[in-house]
Amino acid sequence: MKTKYAIRKLVEKALDIKKLTPEIENEINSELTELGYISDVDYEALELLMAEMDAGRIQLVPNLGY
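Quantities reported herein were computed from a predicted structural model and do not represent experimental measurements. All residue numbers refer to positions counted from 1 along the written sequence of the respective chain. With the structure being a predicted model, the display of local features is reserved for residues of pLDDT at least 70 and the display and counting of side-chain atom pairs for 80 or more, all residues being used for whole-chain, interface and lining totals. To obtain the side-chain values, all non-hydrogen atoms of the structure were included, while hydrogens and water were left out.

S.K.: Which residues make up the overall build of the chain, and what are the values?
M.R.: Here a helix means four or more residues in a row that DSSP labels H or I, a strand means two or more in a row labelled E, and each is numbered from the N terminus. What the chain contains, in helices and strands, is three helices and two strands. Written out in order from the N terminus, the α and β elements of the chain read α-β-α-α-β. The C-alpha atoms of the chain give 12 Å as radius of gyration, which agrees with the globular expectation for 66 residues (11 Å, within 12%). Along the three orthogonal principal directions, the C-alpha set of the chain runs to about 30 × 25 × 15 Å. The Shrake-Rupley method, run with a 1.4 Å probe sphere, supplies the accessible areas, and residue values consider only the shown protein chains as cover. Counting every atom, the chain has about 4700 Å² of accessible surface; 52% of that belongs to carbon and sulfur. Only four residue types enter the charge count, namely Lys and Arg as positive and Asp and Glu as negative; His and the chain termini do not. For this purpose, a charge sits on NZ of Lys, CZ of Arg, CG of Asp or CD of Glu. For the chain, the distance from the average site of its 8 positive side-chain charges to the average site of its 13 negative ones is 6 Å. Radius of gyration: C-alpha atoms only; globule rule: 2.2 Å multiplied by the number of residues to the exponent 0.38.

S.K.: Tell me about the environment of T33, and please be specific about residues and values.
M.R.: Of note, T33 is situated in helix α2 (residues 22-35). From its side chain, T33 meets the backbone oxygen of N29 in a polar contact 2.9 Å long. Under the rule applied, a polar contact is a pair of N or O atoms within 3.5 Å (in protein, one hydrogen donor and one hydrogen acceptor; residues adjacent in sequence only if both atoms are side-chain atoms).

S.K.: Can you tell me about the pattern of salt bridges, naming the residues and giving the values?
M.R.: Here, a salt bridge means any Lys or Arg side-chain nitrogen found within 4 Å of an Asp or Glu carboxyl oxygen. Applying the stated rule across the entire model yields two salt bridges. Residue E12 pairs with R8 through a salt bridge whose shortest N-O separation is 3.4 Å. In this pair, E12 and R8 both sit in helix α1 (residues 6-17), four residues apart, roughly one turn of the helix. Each residue is assigned to one of three classes by its accessible area relative to the maximum for its type, calculated with a 1.4 Å probe on protein chains only: buried under 20%, partly exposed between the two thresholds, exposed over 50%. For R8, a relative accessible area of 28% corresponds to the partly exposed category. Linking R57 and E52 is a salt bridge whose minimum nitrogen-to-oxygen distance equals 2.9 Å.

S.K.: I'd love a proper account of the confidence of the model for the chain, names of residues and values included.
M.R.: Here the chain shows a mean pLDDT of 91. Residues at 70 or above account for 91%. Every residue carries a pLDDT, the predictor's confidence in it, which falls somewhere between 0 and 100. The least confident element of the chain is strand β2 (residues 59-60), whose mean pLDDT is 93; the most confident is helix α3 (residues 40-54), at 97.

S.K.: Explain the packing of α1 against α3 to me, using residue names and the numbers behind them.
M.R.: To obtain an axis, a line is fitted to C-alpha atoms, over the contacting stretch when the element is a helix, and the angle between two such axes runs from 0 to 180 degrees between their N-to-C directions. One can describe the packing of α1 onto α3 by two numbers: an axis separation of 8 Å at closest approach and a directional angle of 25°. In terms of orientation, α1 and α3 fall into the roughly parallel class. Here the hand of the crossing between α1 and α3 comes out left-handed. Contact residues: A6, I7, R8, V11, A14 and L15 in α1; V41, D42, A45, L46, L48, L49 and E52 in α3. When its residues are assigned to classes, the contact of α1 with α3 shows 10 nonpolar, no polar and three charged. The labels follow the angle: roughly parallel below 35 degrees, roughly antiparallel above 145, roughly perpendicular from 65 to 115, and oblique for the rest. Each crossing gets its handedness from the near helix: less than a right angle anticlockwise from the far helix is left-handed, clockwise is right-handed. Contacts are residue-level and defined by heavy atoms, with any inter-residue pair within 4.5 Å sufficient. In this classification, Asp, Glu, Lys and Arg are treated as charged, Ala, Val, Leu, Ile, Met, Phe, Trp, Tyr, Cys and Pro as nonpolar, and every other residue, Gly included, as polar.

Structure below.
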């Protein structure tokens with residue numbers, strides 16, 4: 001993705017569709033691996049995503065294995 005705060009943008013996408021898809025999760029993991037660190041903005045976005053998932057407002061969509 002290579003943009004500033006890419007993880008935050010991915011979290012925003014998940015919040016918009018109210019789902020954490022395998023694709024979004026993989027992109028987040030790729031960004032974390034490539035960067036090797038997480039900015040404060042991205043960290044706060046991930047905290048929000050986890051809180052929304054814990055509250056049941058974001059659905060974790062399983063990989064369908066296609």
